[in-house]
Amino acid sequence: AAYAAADLYALLDAERVMFLPTSYKRSIQFGQADAAGSVQRTAALNAIRNFNGGYLVVCTYPEALAETVVDEREMDSRTITVRVGDHLSHENLVEQLVEAGFERVDFVYEPGQYSVRGGIVDVFSYAESRPYRLDFFGDEVESLRRFEISNQLSCDRLESVDIIANTNRAEGGRVSLAAFVGEGASWWFYDADHALRRVDDVRRRALADSDEPAECATMLTSRKALLEDMAQSC
């Protein structure tokens with residue numbers, strides 16, 4: 001799937017090609033969370049949620065397809081949208097970040113962190129590979145930028161940003177990727193039967209190894225449920 005995504009980056013508009021991995025190392029059945037995978041996964045979901053026409057390609061594989069995702073309502077509730085010119089004190093923004101589970105640090109270096117220096121708030125969203133820098137003039141958002149962690153230099157200016165919390169910690173509704181995508185999707189498989197059998201295999205093994213099978217069941221979909229959701233999305 002990663003090779004397919006790399007080829008499509010070169011052939012298509014790279015901003016319209018997303019890679020959706022599992023949020024665990026190798027698979028959920030091994031129980032080892034993968035921060036980089038969570039970021040890529042959240043970025044793909046955010047791109048699907050904000051899709052507004054044209055095309056969007058999402059490359060994934062059975063272990064990632066087996067994992068459920070937060071539903072759109074829960075995704076919205078875990079997103080803080082900030083625009084240039086908004087009247088929002090940085091104290092109020094910090095309260096929202098704390099409520100969403102972000103951790104305060106001196107300098108941000110990984111998703112889920114924020115820092116405050118005077119009228120500047122740096123925050124690392126779970127849907128971005130680089131953090132945001134929000135400049136405040138009083139209670140007004142004066143500018144929004146991405147910046148490089150290594151040298152703290154700005155990369156680009158933005159008109160609005162979506163700051164998304166860790167969706168893996170969400171306690172709200174969870175659905176299959178197909179249900180999250182909604183109507184109008186096309187599904188392409190190299191070997192559909194193998195992929196869907198693998199989804200059931202991941203679910204079966206994870207439930208057998210879990211100390212809390214009921215909770216684990218909400219984190220994984222089944223072949224049957226996935227097929228039903230795919231049929232409704234096509």
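Computed from a prediction, not measured in an experiment: that's the story for all the values here. (Residues numbered from 1 in each chain as written. Predicted model: local features only at pLDDT ≥ 70, side-chain atom pairs only at ≥ 80, totals over all residues. Heavy atoms only, no water.)

Q: In this structure, what is going on with unusual backbone geometry? I would like to understand it.
A: Backbone phi values are negative for most residues with the exception of glycine, while trans is the configuration of most peptide bonds. At Gln 152, a residue that is not glycine, the phi angle is positive and equals roughly 65°. Counting through the fold element by element, Gln 152 comes out in the loop between strand E9 (140-147) and strand E10 (154-158). (Helix = DSSP H or I, 4+ residues; strand = E, 2+ residues; numbered from the N terminus.)

Q: Sorry, what's going on with the pattern of salt bridges here?
A: Opposite charge on two side chains permits them to pair, given that their charged atoms come into close proximity. All told, the structure shown has 14 salt bridges when counted by the stated rule. The shortest N-O distance in the salt bridge between Arg 205 and Asp 201 comes to 3.3 Å. Of the two residues, Arg 205 and Asp 201 both sit in helix H7 (residues 192-209), 4 residues apart, roughly one turn of that helix. Residue classification places Arg 205 among the partly exposed positions, given a relative accessible area of 41%. Judged by its relative accessible area of 15%, Asp 201 is buried. Three or more residues joined by partner-sharing salt bridges are found here, namely Glu 63, Arg 198, Asp 201, Arg 204 and Arg 205. (Salt bridge = Lys/Arg side-chain N within 4 Å of Asp/Glu carboxyl O. Buried < 20%, exposed > 50% of the residue type's maximum accessible area, 1.4 Å probe, protein only.)

Q: For this particular structure, what's the right way to read the pairing of strand E11 (residues 160-164)?
A: Consecutive side chains along a regular strand alternate between the two faces of the sheet. With respect to burial, E11 is a largely interior element, 4 of its 5 residues being buried. Bridge count between strand E4 (residues 79-83) and E11: 5 bridges; the pairing is antiparallel. What sits directly across from Ile 80, in E11, is Ile 163. (Pairing = 2+ DSSP bridges.)

Q: Is there a simple way to think about helix H2 (residues 35-49) in this case?
A: For an α-helix, 3.6 residues make a turn, and residues three or four places apart therefore share a direction. Taking 1.5 Å per residue as the helical rise, H2 with its 15 residues ought to reach 21 Å, and the 21 Å between its terminal C-alpha atoms agrees with that figure. Of all 15 residues that make up H2, 11 are buried, and the element is covered over most of its length. Taken together, the buried positions of H2 are occupied by Gly 37, Ser 38, Val 39, Arg 41, Thr 42, Ala 43, Ala 44, Leu 45, Asn 46, Ile 48 and Arg 49. (Expected span 1.5 Å × (residues − 1).)

Q: It is not clear to me how the nonpolar core should be interpreted in this structure. Could you clarify?
A: Generally speaking, nonpolar side chains in soluble globular proteins are found buried as a group. The biggest cluster of nonpolar side chains holds 28 residues, and the ones touching the most others in it are Leu 20, Ile 28, Leu 45, Leu 65, Leu 177, Leu 220 and Leu 226. Those elements that provide at least two residues to this core are H2, helix H3 (62-66), strand E3 (69-70), helix H6 (177-181), H7 and helix H9 (223-233). Excluding anything up to four places from it in sequence, Leu 177 contacts Leu 20, Leu 45, Ile 48, Leu 65, Val 69 and Trp 187. (Core = buried A, V, L, I, M, F, W, Y, C linked by side-chain atoms within 4.5 Å. Contact = heavy atoms within 4.5 Å.)

These results come straight from atomic positions and should not be treated as a statement about function.
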